[in-house]
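# Summary of the model geometry
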Amino acid sequence: MREIVLDTETTGFDPKTGDRLIEVGCIEIMDLLPTGRTYHTLVNPERLIPPDAIRVHGITDDKVKDAPKFAEIVQELSDFIGDAPVIAHNAQFDRNFIDFEYGRIAHPLIPGDRWIDTLQLAQKKFPGMPNSLDALCKRFKVSLADRTFHGALIDARLLAEVYLELRGGKERRLDLSTTRVTAASGPVVAAALGARPRPLAPRSTDEERAAHAAFLLATLKDHSLWEGYGLELEKAPAA
């Protein structure tokens, strides 16, 4: 199954108040494994980027002044996503900005049922625990060493690893058997373990064994099964 892990960086929190998308990064995964295909671009937001936002992602006005506007990249982005489910952390945030940018140029929106929110997946798996992307990376031992600032592509890569963990992807890849025995391999012969050097001491008392033997004599007509284990019932004293 093909899925797209997506992350965005923006000028703020709400496109309805004038904030705009300035970066988008996507990772393609197939059957819970990254394929190596990515999509990444900066976007000219056609407005200034607030200092508070720059402190988070490090993207300045100078970096995006020559970047394409969203209308210029929308077809590439749409083609990369295709009809695959879109995975995002706190997906409503990214969806709000993608929907807003699509809406501004009358591009068809990504249907709501195709968005998968890893925050909701994590909250179900770890109720009451911190479930930010950073917290999940630490929980799953996903390295944050390469991330100085938040960035759409690097965060999408981190999220892809977290999503793999949330879906049990690593366990799916594990081969728990280093050798596989097939019919063509020949008969399987059990290894002989040999006799114990010292027999185990019985854990029952003489009285318990006598009571057990008496019960069997009084209850069973055929004693051959127990006598096969060395129990001499006919000689056992009656209870």
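Residues numbered from 1 in each chain as written. Predicted model: local features only at pLDDT ≥ 70, side-chain atom pairs only at ≥ 80, totals over all residues. Heavy atoms only, no water.

### A look at the environment of Glu-46
- Locating Glu-46 in the fold gives a position in the loop between strand S3 (33–42) and helix H1 (51–57).
- Residues Glu-46 and Val-64, spaced 18 residues apart in sequence, show a C-alpha to C-alpha distance of 9.1 Å.
- The contact partners of Glu-46, leaving out residues within four places of it in the chain, are Arg-20, Lys-69 and Arg-104. (Helix = DSSP H or I, 4+ residues; strand = E, 2+ residues; numbered from the N terminus. Contact = heavy atoms within 4.5 Å.)

### Some remarks on the packing of aromatic side chains
- If you walk through the whole model with that rule in mind, you get 4 aromatic pairs.
- Centre to centre, the rings of Phe-93 and Phe-97 are 5.1 Å apart; their planes meet at 50°, and the pair counts as tilted. On the criterion of helical spacing, the pair formed by Phe-93 and Phe-97 is a turn pair, its members being 4 residues apart in helix H4 (residues 91–104).
- Seen from the ring of Phe-80, Arg-2 lies directly overhead, with NZ or CZ sitting 5.8 Å from the centre.
- Sitting over the ring of Phe-126, Arg-139 keeps its end group 4.5 Å from the ring centre. (Phe/Tyr/Trp six-rings, centres within 6.5 Å; stacked < 30°, edge-to-face > 60°. Lys NZ or Arg CZ within 6 Å of the ring centre and 35° of its normal.)

### Overview of the nonpolar core
- Grouped together as the largest cluster of nonpolar side chains are 22 residues, with contacts concentrated most on Cys-26, Phe-70, Leu-77, Ile-81, Tyr-102 and Trp-115.
- Counting residues per element, the ones that place at least two in this core are strand S1 (2–10), strand S2 (21–30), helix H3 (70–81), strand S4 (86–88) and H4.
- Per-element accounting of this core gives the leading share, 6 residues, to H3.
- For Phe-70, the residues in contact, after removing those within four places along its chain, are Leu-21, Val-43, Leu-77, Glu-101, Tyr-102 and Ile-105.
- In this structure, Val-5, Phe-126, Val-142 and Leu-164 belong to the second largest nonpolar core, which totals 21 residues. (Core = buried A, V, L, I, M, F, W, Y, C linked by side-chain atoms within 4.5 Å. Buried < 20%, exposed > 50% of the residue type's maximum accessible area, 1.4 Å probe, protein only.)

### Brief notes about unusual backbone geometry
- Even without being a glycine, Leu-32 presents a positive backbone phi close to 65°.
- Here Leu-32 lies in the loop between S2 and S3.
- With a phi close to 55°, Asn-90 is a non-glycine residue in the positive phi region.
- Structurally, Asn-90 is set in the loop between S4 and H4.

### Observations concerning the environment of Ile-81
- Looking at the element boundaries, Ile-81 is found in helix H3.
- Ile-81 gets classed as buried once you look at its relative accessible area, which sits at 1%.
- Along the chain, Ile-81 and Ile-4 lie 77 residues apart, while their C-alpha atoms are 6.3 Å from each other.
- For Ile-81, the residues in contact, after removing those within four places along its chain, are Arg-2, Ile-4, Leu-6, Val-86, Tyr-102, Ile-110 and Arg-114.

### Observations regarding the packing of helix H5 (residues 118–125) against helix H7 (residues 152–166)
- Packing of H5 against H7 brings their axes to within 11 Å, and their N-to-C directions diverge by 40°. Looking at the two axes, H5 sits oblique to H7. Note that H5 runs across H7; the crossing there is left-handed. Residues Thr-118, Leu-121, Ala-122 and Lys-125 of H5 lie in contact with H7, whose contacting residues are Leu-159, Tyr-163 and Leu-166.
- A class-by-class count of the residues in the contact of H5 with H7 yields 5 nonpolar, 1 polar and 1 charged. (Axes fitted to C-alpha atoms, helices over the stretch in contact; angles between N-to-C directions. Parallel < 35°, antiparallel > 145°, perpendicular 65-115°, else oblique. Left-handed = near helix turned anticlockwise from the far one by under 90°. Nonpolar A, V, L, I, M, F, W, Y, C, P; charged D, E, K, R; others polar.)

That's the geometry; what it means functionally is another story.
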